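Descriptive analysis of the structure
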Amino acid sequence: MYPEYMRESLTLVEKTRPKRLELEKSGKPVFRPMTAQEREDVLNRFHPDYQPEARRIIRVGPNKGESITTEVADMLESHSRIKPELIDLSKPDYETDILIIGGGGAGCAAAILAMQNGAKSIISTKLRLGDANSMMSQGGMQAAVKPQDSPTRHYLDALGGGHFDNKPDLVRALTEDGPEVVKWLEELGVVWDKNPDGSMYVLHGGGTSRKRMHSCRDYTGAVIMRTLMDEVRNHPDKVTILEFMPTIELILDSRGRCAGGILYNMETEEYFAVKAKATIIATGGYGRLHIRGFDTTNHYGATGDGLVIAYRAGANLLYMDSVQYHPTGAVFPEQIAGFLITEKIRGAGGQPINKFGELFVFPREPRDVESAALIRECLERKNGIQTPSGRWGVWLDSPLIETIEGSGYLEKNFPAMVRQFIRYNIDITKEPMLVYPSLHYQNGGIETNDRCETNIPGLYVAGEASGGVHGRNRLMGNSVLDYNVFGRRAGKYAAQYAKSVSLSKLTVDHVADYEDELKKARIKTDRVAPVLLPFYTPEEVRKRQLTAHYEGTLR
Amino acid sequence: MMAKKKVALKKKARPEKAKPEPSEPPKKMTTVFIMGKAHQVPDDATIMGAIEYAGYQIKRGAGCREGFCGACATVYRMPGDYKIYTGLACTTLVQEGMWLSQLPVIPAQKPIYEIEKLEPNVTAFQKLYPEIFRCVACNTCTKACPQSLEVMDYIQAAIRGDIEKVMDLSFDCLCCGLCAIRCPAEIVHYNVGLLAKRLYGRYLSKKSPELEERLREVKAKKFDKEYAKLMKMKKDELEKLYYARDTE
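What counts, and where the lines are drawn
Residues numbered from 1 in each chain as written. Chains lettered and ligands numbered in written order. Predicted model: local features only at pLDDT ≥ 70, side-chain atom pairs only at ≥ 80, totals over all residues. Pairing = 2+ DSSP bridges. Helix = DSSP H or I, 4+ residues; strand = E, 2+ residues; numbered from the N terminus. Contact = placed C-beta atoms within 7 Å. Axes fitted to C-alpha atoms, helices over the stretch in contact; angles between N-to-C directions. Core = buried A, V, L, I, M, F, W, Y, C linked by C-beta atoms within 7 Å. Buried ≥ 20, exposed ≤ 12 C-beta atoms within 10 Å, placed from the backbone. Nonpolar A, V, L, I, M, F, W, Y, C, P; charged D, E, K, R; others polar. Domains from an automatic or database assignment. Expected span 1.5 Å × (residues − 1). Arc of directions from axis to C-beta.

1. Section: the sheet that holds strand S18 (residues 445-447) of chain A
All names here are of chain A.
- Taken in spatial order, the three strands of this open sheet run S12-S18-S20, and their pairing is mixed. Every other strand in the sheet has two partners, leaving strand S12 (317-318) and strand S20 (466-467) as the edge strands with one partner each.
- Sheet contacts for helix H8 (residues 305-312): S12 and S18; angle to S18, the most-contacted strand, approximately 40°.

Next up, the structure:
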């Protein structure tokens, strides 16, 4: 239930609703979309990436001298969890064709395709299989399936959304494989939302010029992820799953090829060496680094582990200066601050509204632009609503959707959202939600080509951990597509590569070399990475945690 | 329940956030028993927030933290009440005197099968989950479900071979396993629901002719020329094209 002082503003939202409804029904844009100059202006002044302390120069590694997100630079300029000389690589604990690091959507898709291409794999995952951002995507997956749409139109939309920084070959792969992925997932048993005649039920997302958002109610990721996991688990002879065992360093061979990884059992605190002919990083993003102090929509394990292990081994990173803030994270009640409010709400006609009940931005600008506009409305124009704890937000008018589509539409199509708020006595079919941008996605990542190869032979990357396909801003629904398209490609190409490779002597010397580089750059730090888990222990407790030596965040 | 105060769980404050009112009253606290140990925690915390506030670093028992992954199944009792309650730690609020424990993992059978070789009818359940026919219709599973799904009804639908109904009723299932851990007939409901969804998606949902047509076009390389053109364009040309494009 909203506090009494918000009542006046809520009444204004109701008052302007009929007029806004009329506009929505007219078929014209409900608000004039921004021009290129207007986009640039609002981004420069209000997007968190463009603030002075948001970036700094990284002093070591392949991207040395580049300006990247401050928290990422901090994480990369860090020590390994292991002393390389203590690792015995002469008798690896496991041997396999492909080591897949990460058990989310990309990792599972890769395992399935690897298996179909004759390769056995091990999935090393930090939490449980499927504990990933893939599980949490609500709104949908883009794919150009409709007759009035085309893969090339999807290509142009993705490029424009990414400020034309996207790598063309990757965007082509993404958009051209889209329809195939819809079909592949359906054959695996994903239940897509459909029209009564069997055609796909699709909606708009931010920055799309055609409706191409495919969904499974608002549990899209949950349905896809569980289907992929189930399929992986149906083949225990070909895929070995190691849960709570993240990979904390890569192994190379004496010829510089990737040859597996060192795994850490987080429960027994043992380390294991896995020898693999090819390795796929599918570790997802870094929302739990809480960049610029923002709340995040991300899952508990999203700490960018793949970035740091690949970087130490010499892999190039791309667009690590760009962070995605989802325009609509929840800000009230406090318990769900930062939680994702799917963009599908705006795709279905929901509008962002200020405290006077006014629409102040086109509801479906690309995410960075929409986020910056929401921040401007609150911080510059002071037209936001402040929560009792001091957070700013604007209304996201969901009852409008119910008026457009008829009573019961939200409950049927947004069961997760309805449920999320009704727990706190807010009925989103009758009252709007209060929202503010929330840290959502790692736009950049490890540089790859359209075969998911990196500059290190034998190292492949798929999903959020990779960089290039989304340029500096991803559109909604392109990451579900991304992890499927590139997860599949990584599985296939790594399996083909694994057939011909024969590894020479294994080494983790690169870890010691990186340590030397830190020393030469005079970087003194007690940071240890991969970070593995964030910690939310209050200050008073931490003061009493006096164990002399900590192993990173794990005490 | 209304949140009044900020639960100090985050490492850093939000720099973009305005300062809280100076008159903000001190946090109201409540006592909960985490695995039997008493802890003072903010009275508006979620169970997960309370566990972390008390100083625990969760390894098992946290996943998405937003009610999608089912990693944080929790059981609890209230003082003077014989009942066992269930909930997700990430979305359930603490109450005074709550005695709680998370379930780190739910032991559950997951038969191996080939989806290509199953038939979308009751035989799939008979073969893989024969124990569902032991359902005594006690409805404990439904009462245990943190998503308020009609769990028993979908098990009954599975017994009848009504796959569409199982799919529909189990659609929002998070596989947290609280149904399975409470079931006197030892059924693993959520895996039954997952199987039904996969059977429905693959075999029973009406197919899309548009999708087939598009796949034919892609296979016939219909878009190759346009891709080649677009991929050669400079930024200013692309920009012009992008801002001039029409929107559905």
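2. A look at the nonpolar core
- Of all hydrophobic cores here, the largest spans 232 residues; its most connected members are Ile98, Ala110, Ile280, Ala462 and Ala494 of chain A.
- Per-element tally for this core: the top contributor is helix H14 (residues 478-500) of chain A, with 11 residues.

3. Brief notes about the interface of chain A and chain B
- The interface is formed by 87 residues belonging to chain A together with 80 residues belonging to chain B.
- For the side of chain A that touches chain B, the secondary structure elements donating two or more residues are helix H5 (151-161), helix H6 (168-188), helix H7 (220-233) and helix H13 (415-422) of chain A.
- Counting residues per element, the side of chain A that touches chain B draws most heavily on H6 of chain A, which supplies 10 residues.
- Looking at the side of chain A that touches chain B residue by residue, the class counts come to 43 nonpolar, 21 polar and 23 charged.

4. Describing the domain arrangement of chain B
Residue and element names in this part refer to chain B.
- Per the domain assignment, the segments making up chain B are domain 1 (29-102) and domain 2 (115-204).
- Counting residues at the interface gives seven residues for domain 1, matched by seven residues for domain 2.
- Top contributing element to the side of domain 1 that touches domain 2 by residue count: strand S4 (residues 85-88), with three residues.
- Residue composition of the side of domain 1 that touches domain 2, grouped by class: four nonpolar, three polar and no charged.

5. Observations concerning helix H15 (residues 509-520) of chain A
Residues and elements named next belong to chain A.
- With 12 residues, H15 should cover 16 Å at 1.5 Å per step; its first-to-last C-alpha distance of 17 Å lies within 8% of that length.
- Residues of H15 that are buried: His510, Val511 and Tyr514. When H15 is viewed along its axis, its buried side chains cluster within an angular range of 105° and face the same direction. The exposed residues of H15 that point more than 90 degrees off its buried face are Asp509, Asp516, Lys519 and Lys520.
- Contacts made by the buried residues of H15 are with strand S9 (247-253) and H8.
- One or two residues past the end of H15 sits Arg522, with phi positive at roughly 55°.

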